[in-house]
Amino acid sequence: MREAYIVRKTKETEVQLNLNLDGTGKYESKMPCGFLDHMLNLFVVHSGIDLILEASGDTYVDFHHLVEDIAIVLGMAFKEALGNKAGIRRYGQMLLPMDETLVQVAVDFSGRSYLGYLVADLKERVGAFDTELAEEFFRAFTQNADITLHIDKLQGNNTHHILEAIFKGVARAIKQAIIVEGTEIPSSKGVI
């Protein structure tokens, strides 16, 4: 079973997360950030994983600490659930349209952390969510999952659509990359 359970407790936040990579797209959460909750629900549905999340924190300041710590824990859970990555496809990509928006995503479960995030011209906020937190989310996720992730906005002007397309695109690319299609570690080095 490719599963993980991670708890992270700091002076700013507390996050508990159950992850099953071989799920059915089931999502349960308790957290105070409605927009991120919406994005994670989309992420789960489009990746096919199961995710149970409970998170709280110092949201009277803003959502920064909570968003970043959820991403840290999600990345740690992916890393743990994939183990040595034997048999996975490793790479995934998606060109995802959503109305006027077009987003391109590519992922490599390489064991090396890198985020390329070319997303310009977002409005400052969607509801109570600071849109710059999306980049912080994906940076923390890539660093803790040890993956290379490229996200490029090719078209789009509606900030909600852009961020939704990004989360869906990342989910679809990850879904491809974590498919088990063999038994070998997908690297000429023999280790990732």
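For the structure itself, consult the block above.
Residues numbered from 1 in each chain as written. Predicted model: local features only at pLDDT ≥ 70, side-chain atom pairs only at ≥ 80, totals over all residues. Heavy atoms only, no water.

Peer 1: Looking at this model, I keep getting lost on the nonpolar core. Mind explaining?
Peer 2: Generally speaking, a soluble globular protein has its nonpolar side chains buried in company with each other. Phe 78 and Ile 151 are the most contacted members of the largest nonpolar core, which totals 65 residues. For this core, the element with the highest residue contribution is helix α2 (residues 64–82), accounting for eleven residues. In this structure, Ile 151 is in contact with Val 103, Gln 104, Val 105, Leu 115, Gly 116, Tyr 117, Leu 118, Val 119, Phe 138, Ile 166 and Val 170, ignoring residues within four places of it in sequence. (Core = buried A, V, L, I, M, F, W, Y, C linked by side-chain atoms within 4.5 Å. Buried < 20%, exposed > 50% of the residue type's maximum accessible area, 1.4 Å probe, protein only. Helix = DSSP H or I, 4+ residues; strand = E, 2+ residues; numbered from the N terminus. Contact = heavy atoms within 4.5 Å.)

Peer 1: Help me understand the packing of α2 against helix α3 (residues 132–145), please; the structure alone is not making it clear to me.
Peer 2: The geometry of a pair of packed helices is captured by two quantities: the angle between their axes and the separation between those axes. The N-to-C vectors of α2 and α3 enclose an angle of 30°; their axes lie 7 Å apart at closest approach. Classified by the interaxial angle, the pair formed by α2 and α3 is roughly parallel. By crossing handedness, the relation of α2 to α3 is classed as right-handed. On α3, the residues that touch His 64, Val 67, Glu 68, Ile 70, Ala 71, Ile 72, Leu 74, Gly 75, Met 76, Phe 78 and Lys 79 of α2 are Leu 133, Glu 136, Phe 137, Ala 140, Phe 141, Asn 144 and Ala 145. For the contact of α2 with α3, a count of residues per class yields twelve nonpolar, three polar and three charged. (Axes fitted to C-alpha atoms, helices over the stretch in contact; angles between N-to-C directions. Parallel < 35°, antiparallel > 145°, perpendicular 65-115°, else oblique. Left-handed = near helix turned anticlockwise from the far one by under 90°. Nonpolar A, V, L, I, M, F, W, Y, C, P; charged D, E, K, R; others polar.)

Peer 1: What is the right way to read helix α4 (residues 159–177) from this model?
Peer 2: In an α-helix, one turn spans 3.6 residues, which is why side chains three or four residues apart end up on the same side. The end-to-end C-alpha distance of α4, which contains 19 residues, comes to 27 Å, matching closely the 27 Å that a straight helix rising 1.5 Å per residue would cover. Burial of α4 is extensive: 15 of the 19 residues sit out of reach of the surface. (Expected span 1.5 Å × (residues − 1).)

Peer 1: How should I be thinking about unusual backbone geometry in this particular structure?
Peer 2: Trans is the common state for peptide bonds, and a negative phi is the common state for residues other than glycine. Although it is not a glycine, Arg 90 adopts a positive phi angle of roughly 85°. When you line up the elements, Arg 90 lands in the loop between α2 and β5 (91–98). Judged by its relative accessible area of 8%, Arg 90 falls in the buried class.

Peer 1: It is not clear to me how the sheet that holds strand β1 (residues 3–9) should be interpreted in this structure. Could you clarify?
Peer 2: In spatial order, the strands read β1-β2-β4-β3; together these four strands make up an open sheet with mixed pairing. Here the strands that pair on one side only, and so sit at the sheet edges, are β1 and β3 (27–30). Shown here is a sheet whose adjacent strand axes are inclined to one another by a mean of 5°, direction ignored. Here four bridges tie β3 to strand β4 (residues 50–57), and the two strands are oriented parallel to one another. In the strand pairing of β4, Glu 28 is matched with Ile 52. (Pairing = 2+ DSSP bridges.)

Peer 1: I keep staring at the packing of aromatic side chains and nothing clicks. Help me out?
Peer 2: Aromatic ring pairs are reported here in terms of the distance separating the ring centres and the angle at which the planes meet. Per the stated rule, a full pass over the model turns up seven aromatic pairs. Seen from their ring centres, Phe 137 and Phe 138 are 5.2 Å apart, and the 85° between their planes marks the pair as edge-to-face. Phe 137 sits in the buried class, given a relative accessible area of 2%. Ring centres 4.8 Å apart and planes at 50° place the aromatic pair Phe 138 and Phe 167 in the tilted group. A residue pair is termed long-range when its members are at least 10 positions apart, and Phe 138 in helix α3 and Phe 167 in helix α4 qualify at 29 residues. Across the pair, Phe 167 and Phe 138 agree in class, each one buried. Through a chain of ring-to-ring contacts, three or more aromatic side chains come together here, namely Phe 43, Phe 78, Phe 109 and Phe 141. (Phe/Tyr/Trp six-rings, centres within 6.5 Å; stacked < 30°, edge-to-face > 60°.)

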